[in-house]
Amino acid sequence: MKIERTKNAKRNVIFGTALKLYQILLPFLMRTAMIYCLGVQYLGLNSLFTSILQVLNLAELGVGSAMVFSMYKPIAEDDHKTICALINLYKWYYRIIGAVVLVGGVLIVPFIPNLIEGDIPSDINVYVLYLLNLGATVLTYWLFAYRNSILQGYQRNDVASKVTIATDTVKYALQIGALFIFHNYYYYVIAILLTQAIGNIATAVISKKMYPQYDPKGKLPKEEVKKINGRIRDLFTAKLGFIIVNYADTIVISAFLGLTVLAVYQNYYFLMTAVIGLMTVIFQSCTAGIGNSIIVETKEKNYLDFKKFTMLISWVSGICTCCFLCLYQPFMELWVGKDLMLSFSVVICFCIYYFVYEINQLINTYKDAAGMWHEDRWRPLVTALTNLVMNLIMVQFWGIYGVMLSTVLSTVFVGMPWLIHNLFTVVFERKQLLGYIKTLFFYVIIVAISCFVCGFICSFINLSIFVTLIVRGIVCVIVPNIIYLVAFRKKKEFKGCIKLLDKMTKGKLNKVLVKLGMD
């Protein structure tokens, strides 16, 4: 079966972006409401329990991605029997994972008070609250979680996004009532438990209605189960490395530079990760379509698509990088004040960090879509350990610059070359590797030029904060696009991108280009 990749990707991006924006704004408002209605101690408890449960969720590392990848081929071949056997296997895996999380969570219970520094609100029983949070986490695995894999395999993430938006709306409404009417934190947590169950059940019902031919039944051959278990093991090392990279910087900054520097750093990091989160929606929405393409299309077709995506991501990420460079400081001044701002040189480090992260995320998307986890199993750990060692050394000489620089260097000189080599060994042709590296280097040069031009122009725009943000924002949207059009318009990838975007906009983009005389 050849799924409608472009249509599904467009739909997933729209609803995924809406969900991501929703999940950025609403939690921020709820955190503010909790502080003013109950107090900062309750927010601290909420963050503590969330962190503990995220660690316990290490039990899931790799299972979700492995299950979706295993569905690409049987979906493409309309092999219903295999798909039913797969979701039956995943059902049991999720039950085991839920049990592991439950047992691990219960074993931690006696140590909960030791993880809390200072006083605990007198009306709170931390054991009860923790067990409620644990119950909500376990429900994510035990209540029909396996049916969500069918939606992902068919590239219908938009359905899950719609369900999440609906159930989160109910959750936030209940939580607002718990805070403003009852001033009761127990009710606040119970709302999480309740809506988690509703969300899982709703997703399962919709999935069953859309794909009634699939039920958890049958068994896979032992060899196939062995392959899946191998993918899970390989994914575990990859995602463990991802966790080390993402948490190492925070821990090192806290240990060597103090909580004040960490808090200021986290303000900048929060804004960057919000934009990364929106871009991640695009990658997640396209992963299943790319996986399907790798199965049904030729290597040459997939390589051309890869080059198109590289240009698109370089283009979009380049504009975002220009915006970070020119808007970070005035926005921070407006948001937190001059006393809680980092120097402009650190902003440059954040811009480099962001662009490198997005390009690396694209390459990782192809790796995941191709199921290239075994060949890539050691790279994430080696990259993470390199980053950690460099962090510990460089922070003592260059402070926060050393921390950020170590992450960029470990990614650019260890992680990315290794990953690109693996990709062109397994998915594409090795002879295409040098050409791709030259193209990628060209994009980096063009983005650097656009950042320099935008930075130079915006250095003369210093009006009131609001006006500065607006005018600089306009500059950062118009100038890079002009530079990219001039630099990219004659490349084959540009024409391919135009066709892809025109297809997603149902011909509207082509009409605009005709009017501009660019078609």
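Values in this document were obtained by computation on a predicted structure and should not be read as measured data.

### Thoughts on the overall build of the protein
Scanning the protein from N- to C-terminus turns up 18 helices and 0 strands. Counting across all 519 residues of the protein, residues that qualify as buried make up 50%. Across the protein, the fraction of contacts at a sequence separation of at least 24, relative to all contacts at a separation of at least 6, is 82%. As displayed, the protein offers around 25,100 Å² of accessible surface, 69% of which is attributable to carbon and sulfur atoms.

### So, the pattern of salt bridges
One pass over the structure, following the stated rule, counts 5 salt bridges. Aspartate 305 is the salt-bridge partner of lysine 308, the closest N and O atoms lying 3.3 Å from each other. Here lysine 308 pairs with aspartate 305, and both are found in helix H11 (residues 299-335), just 3 residues apart, close to one helical turn. A salt bridge links glutamate 333 to lysine 338; the shortest N-O distance between them is 3.9 Å. The class of lysine 338 is exposed, set by a relative accessible area of 61%. Among the ionic contacts, a cluster of salt bridges with common partners joins Lys301, Asp305 and Lys308.

### Some remarks on the environment of proline 113
Mapping proline 113 onto the fold places it in the loop between helix H4 (80-108) and helix H5 (126-142). On the accessibility criterion, proline 113 (28% relative accessible area) is partly exposed. As for proline 113 and tyrosine 127, which are separated by 14 residues in sequence, their C-alpha atoms are 8.6 Å apart.

### Let's talk about the packing of helix H15 (residues 433-458) against helix H16 (residues 465-488)
Packing of H15 against H16 brings their axes to within 9 Å, and their N-to-C directions diverge by 145 degrees. Of the two elements, H15 crosses H16, and the hand of that crossing is right-handed. Only Arg472, Val475, Cys476, Val479, Pro480, Ile483, Tyr484, Ala487 and Phe488 of H16 make contact with H15, whose side of the interface consists of Phe442, Tyr443, Ile446, Val447, Ser450, Val453, Cys454, Ile457 and Cys458. Here the residues of the contact of H15 with H16 are counted per class, giving 16 nonpolar, 1 polar and 1 charged.

### Details of the nonpolar core
Soluble globular proteins: nonpolar side chains tend toward being buried together. Counting residues in each nonpolar core, the largest one holds 76 residues, and the members touching the most others are Met272, Phe306, Tyr328, Phe350, Ile363 and Leu423. If you list the elements that add at least two residues to this core, you get helix H9 (222-257), helix H10 (259-296), H11, helix H12 (344-369), helix H14 (400-426), H15, H16 and helix H17 (492-504). Per element, the largest residue contribution to this core is 16 residues, and it comes from H11. Beyond its immediate chain neighbours, meaning those up to four positions away, tyrosine 328 contacts Tyr268, Leu271, Met272, Cys323, Val347 and Phe350.

### What about H11?
Approximately 50 degrees is the largest bend angle found in H11, and it occurs at leucine 327, with the proline proline 330 only one to four residues beyond. Of all 37 residues that make up H11, 27 are buried, and the element is covered over most of its length. Positive phi appears at glycine 337, one or two residues downstream of H11, with a value of about 95 degrees.

### Remarks on the environment of isoleucine 108
Looking at the element boundaries, isoleucine 108 is found in helix H4. In this structure the C-alpha to C-alpha distance between isoleucine 108 and tyrosine 130, which are 22 residues apart in sequence, comes to 9.8 Å.

### With respect to the packing of H4 against H5
For the pair H4 and H5, the least separation of the axes is 8 Å and the interaxial angle reads 170 degrees. Regarding the angle of H4 to H5, the classification is roughly antiparallel. Here H4 runs over H5; the crossing is right-handed. Taken together, the residues of H5 that come into contact with H4 (itself represented by Tyr94, Arg95, Ile97, Gly98, Ala99, Val101, Leu102, Gly105, Val106 and Ile108) are Tyr130, Leu134, Thr137, Val138, Tyr141 and Trp142. For the contact of H4 with H5, the residue count by class is 12 nonpolar, 3 polar and 1 charged.

### Some details on the packing of aromatic side chains
Applying the stated criterion to the full structure yields 26 aromatic pairs. Their ring planes at 50 degrees and their centres at 5.1 Å tell us that tyrosine 268 and tyrosine 328 sit as a pair that is tilted. Note that tyrosine 268 is positioned in helix H10 and tyrosine 328 in helix H11, a separation of 60 residues in sequence. For the pair tyrosine 268 and tyrosine 328, one class covers both residues: buried. When the ring of tyrosine 443 is compared with that of phenylalanine 488, the centres are 5.1 Å apart and the planes differ by 75 degrees; the resulting orientation is edge-to-face. Separated by 45 residues along the polypeptide, tyrosine 443 in helix H15 and phenylalanine 488 in helix H16 bring together distant segments of the chain. Given the relative accessible area of 1%, tyrosine 443 is considered buried. Members of the aromatic cluster, joined through ring pairs, are Tyr303, Phe306, Phe309, Tyr366, Phe424, Phe428 and Tyr436. Residue placement shows arginine 95 over the ring face of tryptophan 92; its charged tip is 4.8 Å from the ring centre.

### Quick notes on H15
The terminal C-alpha atoms of H15, which comprises 26 residues, lie 37 Å apart, in line with the 38 Å expected from a rise of 1.5 Å per residue. Turning to H15, its buried residues are Tyr436, Thr439, Leu440, Tyr443, Ile446, Val447, Ser450, Cys451, Cys454 and Cys458.

### Describing a nonpolar patch on the surface
Taken together, Ile176, Phe180, Ile181, Phe182, Tyr187 and Ile190 make up a surface patch of nonpolar side chains, about 630 Å² in accessible area. Breaking the nonpolar patch down by element, the ones donating at least two residues are helix H7 (157-182) and helix H8 (185-210). By secondary structure assignment, the location of tyrosine 187 is in helix H8. With relative accessibility at 42%, the residue tyrosine 187 sits in the partly exposed group.

### Examining the state of the cysteines
Applying the stated criterion across every chain yields a total of 0 disulfides. As a non-bridged cysteine, cysteine 320 has cysteine 323 as the owner of its nearest cysteine sulfur, 6.2 Å distant. With no disulfide partner, cysteine 476 has as its closest neighbouring cysteine sulfur the one in cysteine 326, 3.7 Å distant. When its relative accessible area of 0% is taken as the criterion, cysteine 476 is described as buried.

Conventions and cut-offs
Residues numbered from 1 in each chain as written. Predicted model: local features only at pLDDT ≥ 70, side-chain atom pairs only at ≥ 80, totals over all residues. Heavy atoms only, no water. Helix = DSSP H or I, 4+ residues; strand = E, 2+ residues; numbered from the N terminus. Buried < 20%, exposed > 50% of the residue type's maximum accessible area, 1.4 Å probe, protein only. Contact = heavy atoms within 4.5 Å. Areas by Shrake-Rupley, 256 points an atom, 1.4 Å probe, with all protein chains shown as cover. Salt bridge = Lys/Arg side-chain N within 4 Å of Asp/Glu carboxyl O. Axes fitted to C-alpha atoms, helices over the stretch in contact; angles between N-to-C directions. Left-handed = near helix turned anticlockwise from the far one by under 90°. Nonpolar A, V, L, I, M, F, W, Y, C, P; charged D, E, K, R; others polar. Core = buried A, V, L, I, M, F, W, Y, C linked by side-chain atoms within 4.5 Å. Bend = angle between axes of the 7 residues up to and from the residue. Parallel < 35°, antiparallel > 145°, perpendicular 65-115°, else oblique. Phe/Tyr/Trp six-rings, centres within 6.5 Å; stacked < 30°, edge-to-face > 60°. Lys NZ or Arg CZ within 6 Å of the ring centre and 35° of its normal. Expected span 1.5 Å × (residues − 1). Patch = residues over 30% accessible without salt bridge, like charges linked within 9 Å, V, L, I, M, F, W, Y side chains within 5 Å. Disulfide = S-S within 2.5 Å.

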